[in-house]
Amino acid sequence: MFVILVYDVGEKRVQKVHKICKSYLTWVQKSVFEGEITKAKYIQLLTKLKEVMKEDEDSLLVYKFRTKKYYERDSFGIEKPSWEDFIL
């Protein structure tokens, strides 16, 4: 499946949440990640995030798509460079 993950967490947990997300998905900007992920990896990701997050202070949104085929993204302003831009 293809997912878009957005988080808003306390300052003390930002780095931990970012690191977890980055190991499963592609960083798009600030607290936004996207990418293809299997159901098993998705469950692992959520389990790790729930261990770090405080449900009474933090929030997490995940938009799930069956496939990237029906996904379209418009981007405005400065785009974060892709890791592919750094390959020589």
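(A) Spatial organisation of the pattern of salt bridges. If you walk through the whole model with that rule in mind, you get two salt bridges. The salt bridge involving Glu57 is made with Arg13; its shortest N-O contact spans 3.1 Å. Highlighted residues: Glu57 in the loop between α2 (39–52) and β4 (59–65) and Arg13 in the loop between β1 (2–8) and α1 (14–22), separated in sequence by 44 residues. Residue classification places Arg13 among the buried positions, given a relative accessible area of 9%.

(B) Just the environment of Met53, in detail. Take Met53: it is sitting in the loop between α2 and β4. Exposure remark for Met53: the relative accessible area of 15% places this residue in the buried category. C-alpha separation for the pair Met53 and Gly10, spaced 43 residues apart in sequence, amounts to 8.4 Å. Beyond its immediate chain neighbours, meaning those up to four positions away, Met53 contacts Val9, Arg13, Val17, Asp58, Ser59 and Leu60.

(C) Spotlight on α2. Between the first and last C-alpha of α2 there are 20 Å, a value that for 14 residues agrees with the 20 Å anticipated at 1.5 Å per step. Buried within α2 are the following residues: Tyr42, Leu45, Leu46, Leu49 and Val52. Summarising the axial view, the buried residues of α2 lie within an arc of 125°, below the 170-degree limit, and thus occupy one face. Projecting away from the buried face of α2 at angles above 90 degrees are the exposed residues Ala40, Lys50 and Glu51.

Here is what the cut-offs are and how they apply
Along each chain, numbering runs from 1 in the same order as the chain's sequence is written. Two thresholds apply to this predicted model, a pLDDT of at least 70 for residue-level local features and 80 or more for giving and counting side-chain atom pairs, whereas whole-chain, interface and lining totals are computed over all residues. Hydrogens are left out, water is left out, and the side-chain values use all remaining heavy atoms of the structure. Within this document, salt bridges are pairs made up of a side-chain nitrogen of Lys or Arg and a carboxyl oxygen of Asp or Glu, the two lying within 4 Å of each other. What counts as a helix is a DSSP run of H or I of at least four residues, what counts as a strand is a run of E of at least two, and both are numbered from the N terminus. In this scheme, a residue with accessible area under 20% of its type's maximum is buried, one over 50% is exposed, and one in between is partly exposed, where area comes from a 1.4 Å probe on protein chains only. In what follows, a contact means two residues having at least one pair of non-hydrogen atoms within 4.5 Å. In a helix, the anticipated span is given by 1.5 Å times the number of residues less one. The arc in question is traced by the directions running from the helix axis to the C-beta atoms.

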